[in-house]
Amino acid sequence: MNCFDCTQQQKSTPAVAICCHCGTGICPEHLLLTTEEVHHEAGTGPAWGKRSARRATCRICGGAEHETPTT
Ligand SMILES: [Zn+2]
Ligand SMILES: [Zn+2]
């Protein structure tokens, strides 16, 4: 799979990640990595503490403002 955003620009760059929102391939240039803390509702069981979940999105779904969506 190639990066979807690069394909829009007539480039073909191998994707290194998949956008978790729209499912398109993303190259390192267009990749947006965010981390979010996952909170476990620990009842009486052992709490795992804070863990960081990694979320990979394309820049469109990540809300980057300097990228103009090509519609
Ligand atoms: Zn790209
Ligand atoms: Zn996306």
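## Looking at the overall build of the protein chain
Right, so step 1: Tallying secondary structure elements over the protein chain gives two helices and four strands in all.
Right, so step 2: Helices and strands appear in the protein chain in the N-to-C order α-β-β-β-β-α.
Right, so step 3: Burial analysis of the protein chain (71 residues in total) assigns 21% to the buried set.
Right, so step 4: A fraction of 38% describes how many contacts in the protein chain between residues 6 or more apart in sequence connect residues 24 or more apart.

## Here's the deal with unusual backbone geometry
Right, so step 1: Of note in the backbone geometry, glutamine 10 takes a positive phi value of approximately 60 degrees without being a glycine.
Right, so step 2: By the element assignment, glutamine 10 lies in the loop between α1 (4-8) and β1 (17-18).
Right, so step 3: The exposure class of glutamine 10 is exposed, given its relative accessible area of 72%.

## Some details on the coordination of the zinc ion (ligand 1)
Right, so step 1: Around the zinc ion (ligand 1), the protein supplies Cys3 (SG), Cys6 (SG), Cys27 (SG) and His30 (ND1) as donor atoms, at distances of 1.9 to 2.3 Å.
Right, so step 2: For the zinc ion (ligand 1), the four donor atoms are set out with angles of 107 to 112 degrees between them, so the coordination reads as tetrahedral.
Right, so step 3: By relative accessible area, which is 0% here, cysteine 3 ends up buried.

Definitions and cut-offs
Residues numbered from 1 in each chain as written. Chains lettered and ligands numbered in written order. Predicted model: local features only at pLDDT ≥ 70, side-chain atom pairs only at ≥ 80, totals over all residues. Heavy atoms only, no water. Helix = DSSP H or I, 4+ residues; strand = E, 2+ residues; numbered from the N terminus. Buried < 20%, exposed > 50% of the residue type's maximum accessible area, 1.4 Å probe, protein only. Contact = heavy atoms within 4.5 Å. Donors = N, O, S within 2.8 Å, 3.2 Å for Na, K, Ca; no water. Tetrahedral: all angles 85-135°; square planar, octahedral: opposite > 155°, others 65-115°.

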